[in-house]
Amino acid sequence: MTIYILRRLAYAVLILLGVSFITYLLLYLIPADPARQLAGRSATPETVANIRAQLGLDLPFYQQYFQYLMNLVQGDLGRSYIQRTEVSALIGSRLSASSQLLVWGIGFELLIGISLGVLAALKRNTALDRGLMAFSFVGVSSPHFIASMLFLYLFAVHLEWFPLGGYGTTHHILLPAITLGLLGSGWYSRMVRSSMIEVLQQDFIRTAHSKGLTRMRVIFRHVLPNAIIPVIPMVGIDIGIFIGGLVVVESVFGWPGLGQLAWQAIQRVDIPVIVGVTMVSAVVIVLANLIADLLVPLVDPRINLEKS
């Protein structure tokens, strides 16, 4: 186990280095000029050049990137070009809101996805099964922006069940969390359905039935615990997709999290904030995948991490 964790941590460092390099390179290559935006349209070329020099944007790419890595090792994510505030402070002020939405959203994903998957497996090859799988396909295929705007109009504007925006209460978080949950639940429903169908055909399930156990006891005591094992590593992978959806959903619902901060930074070409949010998101994704991988052998002792 120790060797496995150390190996995964080494891979994590390489992944984070790759993420930082690709992000910084793409931002370096975009045609937008942060110095020009800060100076304004009426600024002289000399003023723009001075701002570019102050921000270090006149340096070659490798020097800018190396300086960023040196600061990153010291825990310095830089300062925002627009807000003139430490990026770590900006991210820290938004982290709680995004964490709440992340937990609630994944909770709804699992609740909806596992429930639909179990129901579809028990009603295999029926109209209900086909309808649920079609619903799952539509959910995972729907663009987050369109779905968020539709849910906002239907449930907040038309039906007035939820507030249009805001932050601080359960009533505010429900609609964006349910939106994320519905859009991502399709992956889990399809996985749980396939896994349950496979488990239902195993010999130990027939043995449980032959012992006179009720159908519900067999399903919840023997089938479901084995069927949801593949879902555990999916949660770690899904966090990456989920964080991408946060950028859109938080912007639509006015949720003051990292997604909204990233969207505002992209619009203003605020490079330190963009890179900072990207790196924090990458760290969360890497840690989530590591934790998910470590949880699998706890529920399934047949898996040996040392050989993986």
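Predicted model, so just to flag it, every value in this text is computed and none were measured.

Asks: What is the right way to look at the environment of Arg 36 in this model?
Replies: The topology assignment puts Arg 36 in helix H2 (residues 34-39). Residue Arg 36 is classed as partly exposed on the basis of its relative accessible area, which comes to 34%. C-alpha of Arg 36 to C-alpha of Ala 49: the two residues are 13 residues apart in sequence and 8.8 Å apart in space.

Asks: Got a minute to help me understand the packing of helix H7 (residues 144-158) against helix H11 (residues 231-253) in this structure?
Replies: A pair of packed helices can be characterised by two numbers: the angle between their axes and the separation between those axes. Taken N-terminus to C-terminus, the directions of H7 and H11 make an angle of 30 degrees; their axes are 9 Å apart at the nearest point. Taken together, the axis directions place H7 and H11 in an arrangement best described as roughly parallel. Once H7 is placed against H11, the crossing between them reads as right-handed. Taken together, the residues of H11 that come into contact with H7 (itself represented by His 144, Phe 145, Ser 148, Met 149 and Leu 152) are Gly 245, Val 248, Val 249, Val 252 and Phe 253. For the contact of H7 with H11, the residue count by class is seven nonpolar, three polar and no charged.

Asks: What am I meant to see in the packing of aromatic side chains here?
Replies: The geometry of an aromatic ring pair comes down to the distance between the two centres and the angle between the two planes. All told, the structure shown has eleven aromatic pairs when counted by the stated rule. Arranged with centres 5.5 Å apart and planes meeting at 80 degrees, the rings of Phe 21 and Tyr 65 form a pair that is edge-to-face. Taken as a pair, Phe 21 in helix H1 (residues 2-29) and Tyr 65 in helix H4 (residues 61-73) lie far apart in primary sequence, 44 residues in all. When its relative accessible area of 37% is taken as the criterion, Phe 21 is described as partly exposed. Consider the rings of Trp 104 and Phe 108, whose centres lie 6.3 Å apart with planes at 40 degrees: the pair is tilted. Residue Trp 104 and its partner Phe 108 are located together in helix H5 (residues 87-122), separated by four residues, close to a single helical turn. Here the aromatic residues Phe 21, Tyr 24, Tyr 28, Phe 61, Tyr 65 and Tyr 68 are joined through ring pairs into a cluster of three or more.

Asks: It is not clear to me how H4 should be interpreted in this structure. Could you clarify?
Replies: Helical periodicity: at 3.6 residues per turn, an α-helix aligns residues three or four positions apart in one direction. With 13 residues, H4 extends 18 Å between its outermost C-alpha atoms, agreeing within 8% with the 18 Å of an ideal straight helix rising 1.5 Å per residue. Within H4, the full set of buried residues consists of Phe 61, Gln 64, Tyr 65, Tyr 68 and Leu 69. Down the axis of H4, the buried side of the element spans an arc of 135 degrees, and every buried residue falls inside it. More than 90 degrees from the buried face of H4, the exposed residues found are Tyr 62 and Val 73.

Asks: When you look at helix H12 (residues 258-268) in this model, what are you seeing that I'm missing?
Replies: Those residues of H12 not exposed but buried are Leu 258, Gly 259, Gln 260, Leu 261, Ala 262 and Ala 265. Phi turns positive, to about 55 degrees, at Val 269, one or two residues after H12.

Conventions and cut-offs
Residues numbered from 1 in each chain as written. Predicted model: local features only at pLDDT ≥ 70, side-chain atom pairs only at ≥ 80, totals over all residues. Heavy atoms only, no water. Helix = DSSP H or I, 4+ residues; strand = E, 2+ residues; numbered from the N terminus. Buried < 20%, exposed > 50% of the residue type's maximum accessible area, 1.4 Å probe, protein only. Axes fitted to C-alpha atoms, helices over the stretch in contact; angles between N-to-C directions. Parallel < 35°, antiparallel > 145°, perpendicular 65-115°, else oblique. Left-handed = near helix turned anticlockwise from the far one by under 90°. Contact = heavy atoms within 4.5 Å. Nonpolar A, V, L, I, M, F, W, Y, C, P; charged D, E, K, R; others polar. Phe/Tyr/Trp six-rings, centres within 6.5 Å; stacked < 30°, edge-to-face > 60°. Expected span 1.5 Å × (residues − 1). Arc of directions from axis to C-beta.

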